[in-house]
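Okay, here's what each chain looks like letter by letter:
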Protein chains: 4
Amino acid sequence: MSERGFASDNYAGALPEVVEAIAAANAGHAPAYGDDEWTARAEERFREHFGRDARAFLAFNGTGANVVALRALAQPWSAVICPETAHLNVDECGAPERVGGLKLLTVATPDGKLTPELVEPRLVRFGEEHAVQPGIVSISQASELGTVYSVDEVRALADQAHAHGLLLHVDGARLANAAAALDVPLRALTTDAGVDALSFGGTKNGLVIGEAVVLLRPDLGEGIAYLRKQSMQLASKMRFLAAQFEVLLQGDRWRHGAAHANAMAARLADAIAGTPGVRVTQRVEANAVFAVLPPRAAEQLQRRWRFYVWDDSTGEVRWMCSWDTTPEDVDGFAADIRSTVASAA
Amino acid sequence: MSERGFASDNYAGALPEVVEAIAAANAGHAPAYGDDEWTARAEERFREHFGRDARAFLAFNGTGANVVALRALAQPWSAVICPETAHLNVDECGAPERVGGLKLLTVATPDGKLTPELVEPRLVRFGEEHAVQPGIVSISQASELGTVYSVDEVRALADQAHAHGLLLHVDGARLANAAAALDVPLRALTTDAGVDALSFGGTKNGLVIGEAVVLLRPDLGEGIAYLRKQSMQLASKMRFLAAQFEVLLQGDRWRHGAAHANAMAARLADAIAGTPGVRVTQRVEANAVFAVLPPRAAEQLQRRWRFYVWDDSTGEVRWMCSWDTTPEDVDGFAADIRSTVASAA
Amino acid sequence: MSERGFASDNYAGALPEVVEAIAAANAGHAPAYGDDEWTARAEERFREHFGRDARAFLAFNGTGANVVALRALAQPWSAVICPETAHLNVDECGAPERVGGLKLLTVATPDGKLTPELVEPRLVRFGEEHAVQPGIVSISQASELGTVYSVDEVRALADQAHAHGLLLHVDGARLANAAAALDVPLRALTTDAGVDALSFGGTKNGLVIGEAVVLLRPDLGEGIAYLRKQSMQLASKMRFLAAQFEVLLQGDRWRHGAAHANAMAARLADAIAGTPGVRVTQRVEANAVFAVLPPRAAEQLQRRWRFYVWDDSTGEVRWMCSWDTTPEDVDGFAADIRSTVASAA
Amino acid sequence: MSERGFASDNYAGALPEVVEAIAAANAGHAPAYGDDEWTARAEERFREHFGRDARAFLAFNGTGANVVALRALAQPWSAVICPETAHLNVDECGAPERVGGLKLLTVATPDGKLTPELVEPRLVRFGEEHAVQPGIVSISQASELGTVYSVDEVRALADQAHAHGLLLHVDGARLANAAAALDVPLRALTTDAGVDALSFGGTKNGLVIGEAVVLLRPDLGEGIAYLRKQSMQLASKMRFLAAQFEVLLQGDRWRHGAAHANAMAARLADAIAGTPGVRVTQRVEANAVFAVLPPRAAEQLQRRWRFYVWDDSTGEVRWMCSWDTTPEDVDGFAADIRSTVASAA
């Protein structure tokens, strides 16, 4: 088994600068719970990237950031419209329902992305007391299938949501990958495209630990400080989360690792393109490659490389690249894929 | 305002070895969510300190660890008996109720500590469907008032709890301080004293971030892995939490900082003992000093030193010492207390 | 607008015997909360119909009965597999999620009925902490689309559920209609077919008010008395709920009204069969008729008759019959349908 | 054991007029869920008694009405200040916490009644994210100890609450008894005294089943229709709840039974006054008598009469009178008390 792999972008370590920032922040006493200078600077960085009205609330993990963000946007009778494949729906062990009390109205999608046409049938039963009321549209950017919403696609969803009195939330665990893929600033994909709030991913982008809820409109999120604490996402030694974000959001550092990860996924897709028996199933726009292999080929490869079978019924696999995936990793893996598939044929 | 202060033991930074351990863990790829070698080693360290049946589940913060631990011990109709002063009750923004769905049955105490006599009146209405059923006794060790339960005191509470079919939980955010104060191993105060489960504090003991839920009996905690994830306390890059615990729980390192913090609190209490107008209100057994000062003295001191007024109605203040509090910090502060109080007289 | 209609079987009143039973129960003092003779007799009636191990817990409404039943069967990390059309999913305003904390794993069905083949793809990810764990299969009998599971179909679902460690719950708001449709005893469709627990509908079957949670296996439902109270479904003057069930479950009284309602639906379906432009969309097995009409015909009919458009996008309508629907009601309505559709053509 | 007793006012049956109203409402079809003429008339009756802005939402039981009312007034981070003896706190099996997610801040009282002085210490920590935020003051009127707040006492609590941005909720399971005791209209004790919302008790006042949430200010209770449904308190055949309230709230009918119950409690207290060894422990202002008897006397009496020991530790007992308690009931019971106590001496 190779120590290196393609299982998840959270198998990677942290950026060296991030670890250095933690060490540098370990200097004497600092007020707890965010009343420190690192947090002030990190918050300012978020404003630089997301606009002057952006308010960032650091949190521990993606599930926590999503739940805090949704609780901040929701009424107790609100439902959240999201793709079936949303992390919210399939990988948070029911936290949105159990902790947030929220019902998810899931939508089947071909590529992990909502469209106004897909959302439309869920925009019904307003005012009926028997039904949860659609309150939030939540999209993942980049999606869990490695696809990316264009700025226009985000805006169309925002416009639709707002026209019906809903809010648009972005699960941005991989927002950096999406912005890198589109080569746009973070705010172009969010604040300027009509997004109301997002969960911003730090961990997959090279942090040791840390995510953020970012509210993009000044009138949203009453009580969010209480919600974060109550949702068990308030760090006491906050400076150590903040210092990581401070360095990640310095200039375009966040973009470098994401762009690299994207490039590695593209390299992998290119390297196996045309291989008989291998079918890439999703457009490779961010840092993921989804593919179907011949029977047993995946199993053989998994003896040497870590990755997940995404769909047991179809045998579809997922290969994730990260900020520290090397061209050598990709080339070695691609070569093994080709030879394994060839011998399986 | 002094950069150094006595506001909280989470104003301190992290042990240098802990930061080094994070850096050392930043080596290549590692499986996420705890399936890594650092986590395996940290879990083994917990078994060394708490016994072979101890199972540790790392978490992000104290509120999270408490809620996961209680959820793992509770039925949906269980109530938790705890002191009024419990962190659970006063400093978790209702997370036990909102996230855990648990009712707390609070007990007024003179010193932050439960006794069997204080618990007894809460052990009523078993079998009545109108009433939540007492299911868990939760104590904080050391308590939020800086007092410490002796081994015998813990055992008496455990025996009482078990005799009535309840479980004993310890909020051990400062368990290290208690064990240091009593000069006993961690398991003497917990596993061997009948405790069923605990929240073990890492952050106040010198970590950057990290707490742990530790189950001490093999038959407890069905589904705890789901509860941790659902309670939004599962770290993806777990190695970075685990590496900290690995080094903290190496031999007696956890004890050194705690013993030092305790010694600094004792030094502070000694230094102000006998000062006219200053009354220390709780026994100084761990790393906290509680005191009442003459009117306005606290306010004047707060211009130069960070600390909290604990009780606005009485003016009682709380001074916390940490692993990095120095004798010079204490002596300077004590001198200022004495002179401020003298001039206020 | 006709005072009579086909909007819902809960637009009907109550059986005269039921109202008389309430009056008869209004005699002097009786212990509250179910410790009365009426409740004892009603519980015995449930045992007569569902077997000696059946334990009935009376509740107020269907949503309440469903949530109590599911809470009694679930772990905090359990998910409930159910059809998309389940009342649970679409008509309980998120109570299963908000109050029960349960995630529903919904399955699209052509006819409102699950099959083992439809359930199979949901029986995945056992043991993965990131995912809610399938714990319960819930079916509605009769279904919300007026279709009925045969005894064999129920048994197949029960066997599948049990083989995977799940439990089978039946939302029996219209169980009487199903048993009448199949001409079998209640226990043949439930206890003897492997069902673990059910919500038994009283209101739609002719009560003033009242539903019941019925546990069918002796080892299930720990703490259900607490769960009922906590879920706000425990009546103080329980005798008035119990007296209704006592009379409804006396012999086959429950069956008469249900069989009549079914017959009226069949009469309606027959009366419009072959009408050009009218397409009945579901098999008429219980007391509902679903149909698609020509554009605007439904709207015109709704000026004179109360009924609901089931699906705005297709114009599909739902016509419900109840224990008090008369042949004259049906014939008059059918005649109006035919003439309205003819003139709309 | 006498069939008649003093255990609870919900051991009584229903007013004959209430049962007749149910029978009369059983006439043909009526729209479900409150869109019927009985509900419209009942709502109008509530406006007659509580003012033009009063909006009543019928519910099933007291726990349900309390939880819906509090959810309608609360934010997710709100806490509810209430007496330790509140039904909310001791007799709802944790529903406010588990279903409402609300933390109760309980206050010890001598007589079951809050005062501004008792509330004051709970009005702290506003704006601190670690603490639940006081949002609601909830009082029971009459209290669970049979005492009654005067209009001025209610107003003082309302003024205090509003001055701090809180709302005042009244658990009015026995509001009729309080209004009868004070001989004032219902609105004098509620709307005109500054109360924001209440739970209005029907069952203890002579209904078969039924309570109501009543919002008294037009700007309160956004989404309450969803909250009622989600809290499983929405009746389908609503007319049968409404018809009961319609007749109960016709003129002063609600007052007659309550005044009678109060008078019976006074008669009982008078009849045992001065009995050696019997000490009445609370002022008898509504329909309850609390007393301490000599050792074993209560036990002996309980062999012949149903009533509850309120406090096992002191032997205090509670005797409740209801609308159907007769002078003969009281006189017979009082005679037995006197002779039992005499023989126990």
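The notes below deal with the structure included here. If you're wondering where the values come from, they're calculated on a predicted model, not measured in any experiment. (Residues numbered from 1 in each chain as written. Chains lettered and ligands numbered in written order. Predicted model: local features only at pLDDT ≥ 70, side-chain atom pairs only at ≥ 80, totals over all residues. Heavy atoms only, no water.)

## A look at the overall build of chain A
- Scanning chain A from terminus to terminus reveals 14 helices and 11 strands.
- Seen along its three principal axes, the alpha-carbon backbone of chain A occupies a region of about 60 × 55 × 35 Å.
- A buried classification covers 66% of the 345 residues belonging to chain A.
- For chain A, the accessible surface area stands at approximately 10,900 Å², while carbon and sulfur atoms represent 51% of it.
- Positive and negative charge centroids in chain A, built from 32 and 44 side chains respectively, lie 3 Å apart. (Helix = DSSP H or I, 4+ residues; strand = E, 2+ residues; numbered from the N terminus. Buried < 20%, exposed > 50% of the residue type's maximum accessible area, 1.4 Å probe, protein only. Areas by Shrake-Rupley, 256 points an atom, 1.4 Å probe, with all protein chains shown as cover. Lys, Arg positive; Asp, Glu negative; His and termini not counted. Charge placed at Lys NZ, Arg CZ, Asp CG, Glu CD.)

## Examining the nonpolar core
- With 142 residues, the main nonpolar core has F46(A), F200(A), F245(A), F46(B), F200(B) and F245(B) as its most contacted residues.
- Setting aside chain neighbours within four positions, we find F245(B) in contact with A42(B), F46(B), L58(B), F200(B), G202(B), L207(B), G210(B), E211(B) and A212(B).
- In this structure, A21(C), L248(C), A176(D) and A180(D) belong to the second largest nonpolar core, which totals 138 residues. (Core = buried A, V, L, I, M, F, W, Y, C linked by side-chain atoms within 4.5 Å. Contact = heavy atoms within 4.5 Å.)

## Overview of unusual backbone geometry
- Across the junction of Q141(A) and A142(A), the peptide omega takes the value -10°, indicating a cis bond.
- One can find A142(A) in the loop between β4 (133-140) and α7 (151-163).
- Backbone geometry at C93(A) places phi at a positive 45°, although glycine is not the residue there.
- With respect to the element layout, C93(A) can be found in the loop between α4 (87-90) and α5 (95-98).
- Relative accessible area serves as the criterion here: at 1%, C93(A) is assigned to the buried category.
- Even without being glycine, M232(D) reaches a positive phi, approximately 65°.
- Considering the arrangement of structural elements, one finds M232(D) in the loop between α10 (224-230) and α11 (239-248).

## Some thoughts on the relation of the copies chain A and chain C
- Of the transformation superimposing chain A on chain C, the axial component is 0.0 Å and the angular component is 180°, with the fit at an RMSD of 0.0 Å. Given the turn and translation reported, the copies of this chain are related as if by a two-fold rotation axis. Judged by C-alpha distance, E97(A) is the residue of chain A that lies nearest the rotation axis, at 2.6 Å.
- A symmetric contact is evident, with 100% of the interface residues of chain A recurring at the interface of chain C. (Least-squares fit on C-alpha atoms with pLDDT ≥ 70 in both.)

## Thoughts on helix α11 (residues 239-248) of chain B
- The buried count for α11(B) comes to 10 of 10 residues, which makes it a mostly enclosed element.
- Lining the buried residues of α11(B) we find α1 (16-25), α2 (37-50), β1 (55-59), β6 (197-201), β7 (211-215) and α12 (253-272) of chain B.

## Section: the interface of chain B and chain A
- Taken together, the contact between chain B and chain A spans 55 residues of the former and 55 residues of the latter.
- Summed over both partners, the interface of chain B with chain A buries about 4,500 Å², with 57% contributed by carbon and sulfur atoms.
- On the surface where chain B and chain A come into contact, there are 32 residue pairs in polar contact (both at pLDDT 80 or more).
- Looking at the side of chain B that touches chain A, the elements with two or more residues in it are α1, α3 (62-73), α5 (95-98), α10 (224-230) and α11 of chain B. (Buried area = accessible area lost by both parts, 1.4 Å probe. Polar contact = N/O pair within 3.5 Å; in protein donor to acceptor, adjacent residues only side chain to side chain.)

## Observations regarding α7(A)
Residue and element names in this part refer to chain A.
- Compared with the 18 Å implied by 1.5 Å per residue over 13 residues, the 18 Å span of α7 between its first and last C-alpha is a close match.
- The complete set of buried residues in α7 reads V154, L157, A158, Q160 and A161. Axial view of α7: buried residues confined to an arc of 165°, hence all on one face. Across α7 from its buried face, at more than 90 degrees, point the exposed residues D152 and A163.
- Those residues of α7 that are buried lie in contact with α6 (116-119), β4, β5 (167-172) and α9 (186-189).
- With its phi angle positive at about 80°, G165 sits one or two positions after the end of α7. (Expected span 1.5 Å × (residues − 1). Arc of directions from axis to C-beta.)

## Points about the pairing of β6(B)
Residues and elements named next belong to chain B.
- Burial analysis of β6 places five of its five residues in the buried class, the great majority of the element.
- Side chains A197, S199 and G201 project from β6 onto one buried face, and the interleaved L198 and F200 project onto a second face that is buried too.
- Here strand β5 (residues 167-172) runs beside β6; their pairing, made up of four bridges, is parallel. Considered in β6, the bridge of D171 is made with S199. (Pairing = 2+ DSSP bridges.)

## Points about the sheet that holds strand β1 (residues 55-59) of chain A
Residue and element names in this part refer to chain A.
- One open sheet holds the seven strands; their spatial order is β1-β7-β6-β5-β4-β2-β3, and the pairing between them is mixed. Because the sheet does not close on itself, it has two edges, and the strands there are β1 and β3 (103-107). Within this sheet the neighbouring strands show an average axis-to-axis angle of 25°, counted without direction.
- On top of the sheet, α7 reaches β4 and β5; it is set at about 145° to β5, its chief contact. (Axes fitted to C-alpha atoms, helices over the stretch in contact; angles between N-to-C directions.)

## Some points on the interface of chain A and chain C
- On the chain C side, the residues contacting the 21 residues of chain A number 21 residues.
- Summed over both sides, the interface between chain A and chain C buries roughly 1,600 Å², with carbon and sulfur atoms accounting for 42% of that surface.
- Summed over the three residues of chain A that lose the most area to chain C, namely C93(A), R98(A) and K103(A), the buried surface amounts to 35% of that side.
- One can count four salt bridges joining chain A with chain C.
- Notably, a salt bridge pairs E97(C) with K103(A), separated by 2.6 Å at the nearest N-O pair.
- Taken together, the connections running from chain A to chain C amount to 18 residue pairs in polar contact (both at pLDDT 80 or more). (Salt bridge = Lys/Arg side-chain N within 4 Å of Asp/Glu carboxyl O.)

## Considering the sheet that holds strand β10 (residues 308-311) of chain B
Residue and element names in this part refer to chain B.
- Ordered in space as β8-β9-β11-β10, the four strands form an open sheet in which the pairing is antiparallel. Each having just a single partner strand, β8 (279-280) and β10 make up the two edges of the open sheet.
- With four bridges connecting them, strand β9 (residues 288-292) and strand β11 (residues 316-320) associate as antiparallel partners. Note that in β11 the partner of F290 across the bridge is R318.
- Against the sheet, α12 touches β8, β9 and β11, its axis set at about 25° to β9.

## Comments concerning the packing of aromatic side chains
- Taken as a whole, this structure holds 54 aromatic pairs over all chains when the rule is applied.
- A centroid spacing of 6.2 Å and a plane angle of 20° characterise the contact between F46(C) and F50(C), whose relative ring orientation is stacked. Of the two residues, F46(C) and F50(C) are both situated in helix α2 (residues 37-50); the distance of four residues between them amounts to about one turn of the helix. Of the two residues examined, F46(C) and F50(C), each falls in the buried class.
- Within the aromatic cluster, the residues linked to one another by ring pairs are F6(A), W305(A), F307(A), W319(A) and F333(A).
- Positioned above the aromatic ring of Y149(A), the side-chain terminus of K113(A) is 5.4 Å from the ring centre. (Phe/Tyr/Trp six-rings, centres within 6.5 Å; stacked < 30°, edge-to-face > 60°. Lys NZ or Arg CZ within 6 Å of the ring centre and 35° of its normal.)

## Structural notes on the pattern of salt bridges
All names here are of chain A.
- In the structure shown here, the tally under the stated rule is 88 salt bridges over all chains.
- Between R155 and D159 there is a salt bridge; the shortest N-O distance is 3.7 Å. In this pair, R155 and D159 both sit in helix α7, four residues apart, roughly one turn of the helix.
- Overall, the relative accessible area of 33% leaves R155 in the partly exposed class.
- Between D196 and R217 there is a salt bridge whose closest N-O contact spans 2.4 Å. Of this pair, D196 sits in the loop between α9 and β6 (197-201) while R217 sits in the loop between β7 (211-215) and α10 (224-230); the two residues are 21 residues apart in sequence, bridging distant segments of the chain.

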